[in-house]
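Structural overview
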Amino acid sequence: MINSPKITVVDLETYKADPTIQNIKDAYKICIIHPKSKLHYPTQTVTINKTALVFTNPLLVYNWEPISKEQIGYSCLFNPTFLAENTTDLEKKCPIFKLGAKNIFYVNKEQEQNITNIYKKIQLELNTNYVNKEAVASNYISLLIHEALKLEPESANVEIKCAASRITSLFFEQLNRQFPIKNINNPILLKTPKDFSDNLAVHINHLNDSVKSITGKSTSTHIKEKITAEAENMLYNTNLNISEIAYCLGFKYPNNFSSFFKSNTGKSPLEYRAVIL
């Protein structure tokens, strides 16, 4: 496995055998998959019976089931910060990374060889001591994105028309915009499904149904997971006391925050901080 703090490149046999890699959260993934395998989504299962380039994002709920005994290909994983810092506006906005968009592109032998060579170049680059190797790797990742756009050029300009996908994307845009918290005097304002539905001017049931249909998880679950992750981050990376962290995360009373945190992590904030310190 070749990786950096922001990028990981691994062959599919290693990926298949290592649950810790498969379960990496908050990662975008671009995989070249040689048949046969299945992608299980909350509402459907897709059988991949020929070589495909597959794109997934951190919000997409799925499970990859390899069928063929031998799995040939690669997976490139990178975090949202890397995508935001190292791609062009076209690449950021292209639908292949959006919820509800087409994310599987079948390739022929020539295209497969070209794409495989790109993965190998990323591996070689990440294995060097060059100080700007992540910037070079980002250029290769851009090439992978454009390989998909070349397969279906209209994908660069097609808007996702599914109403549920559009509402879900707006929900996550507003949720993610609140984090990370950079100013303790500006606590998060949107912390319940009702807060988001009011802000988006949609009925709460419509929001909940849309998010559940696209991601397989409820709106409240996504909010809870995001707040819990930010709480862990603040406990680990800041010197703020529990009351200050509770305030930043929209809790009126520290005890409410402590109960919330313990119910989701199994530890109180003080116990969590004691362990990591």
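What counts and how
Residues numbered from 1 in each chain as written. Predicted model: local features only at pLDDT ≥ 70, side-chain atom pairs only at ≥ 80, totals over all residues. Heavy atoms only, no water. Helix = DSSP H or I, 4+ residues; strand = E, 2+ residues; numbered from the N terminus. Buried < 20%, exposed > 50% of the residue type's maximum accessible area, 1.4 Å probe, protein only. Contact = heavy atoms within 4.5 Å. Areas by Shrake-Rupley, 256 points an atom, 1.4 Å probe, with all protein chains shown as cover. Expected span 1.5 Å × (residues − 1). Arc of directions from axis to C-beta. pLDDT = per-residue confidence, 0-100. Core = buried A, V, L, I, M, F, W, Y, C linked by side-chain atoms within 4.5 Å. Phe/Tyr/Trp six-rings, centres within 6.5 Å; stacked < 30°, edge-to-face > 60°. Pairing = 2+ DSSP bridges. Axes fitted to C-alpha atoms, helices over the stretch in contact; angles between N-to-C directions.

As for the overall build of the protein chain
- Broken down by element type, the protein chain carries 13 helices and nine strands.
- By residue count, 42% of the 277 residues in the protein chain fall in the buried class.
- Across the protein chain, the fraction of contacts at a sequence separation of at least 24, relative to all contacts at a separation of at least 6, is 69%.
- When the accessible surface of the protein chain is summed, it comes to about 14,700 Å², and 50% of that surface belongs to carbon and sulfur atoms.

Regarding helix α9 (residues 204–215)
- For α9, with 12 residues, the first-to-last C-alpha span of 16 Å sits near the 16 Å given by 1.5 Å per residue.
- Taken residue by residue, α9 has Leu207, Ser210, Val211, Ile214 and Thr215 as its buried positions. The buried residues of α9 occupy an angular sector of 100 degrees when the element is viewed end-on, so they sit on one face.
- Next to the buried residues of α9 lie α7 (163–177), α8 (193–200) and α10 (219–237).
- At the exit of α9 stands glycine 216, carrying a positive phi of roughly 85 degrees.

Re the confidence of the model for the protein chain
- Scored by pLDDT, the protein chain comes out at a mean of 84, with 86% of its residues at no less than 70.
- Across residues 154–161, confidence stays below pLDDT 50; counting only partners more than four residues off in sequence or on other chains, it has 14 contacts.

Some thoughts on the nonpolar core
- Counting residues in each nonpolar core, the largest one holds 28 residues, and the members touching the most others are Phe171, Ile227, Leu249 and Phe257.
- If you list the elements that add at least two residues to this core, you get α7, α8, α9, α10, α11 (242–248) and α12 (254–265).
- Per-element accounting of this core gives the leading share, five residues, to α10.
- In this view, isoleucine 227 contacts Phe179, Ile188, Lys191, Leu249, Phe251 and Phe260; residues no more than four positions away in its chain are not counted.
- If you look at the next biggest cluster of nonpolar residues, it comprises 26 residues, including Tyr28, Leu53, Ile122 and Ala148.

Concerning the packing of aromatic side chains
- On inspection of all chains with the given rule, the structure shows 10 aromatic pairs.
- When the centroid spacing of 5.9 Å and the interplanar angle of 45 degrees are considered together, the rings of phenylalanine 257 and phenylalanine 261 count as tilted. Residue phenylalanine 257 and its partner phenylalanine 261 are located together in helix α12, separated by four residues, close to a single helical turn. Accessibility assignment for this pair places phenylalanine 257 and phenylalanine 261 in one class, buried.

Observations regarding the sheet that holds strand β4 (residues 37–40)
- Taken in spatial order, the three strands of this open sheet run β5-β4-β7, and their pairing is antiparallel. Every other strand in the sheet has two partners, leaving β5 (45–48) and β7 (63–66) as the edge strands with one partner each. Each adjacent strand pair in this sheet contributes to an overall mean axis angle of 20 degrees, direction not counted.

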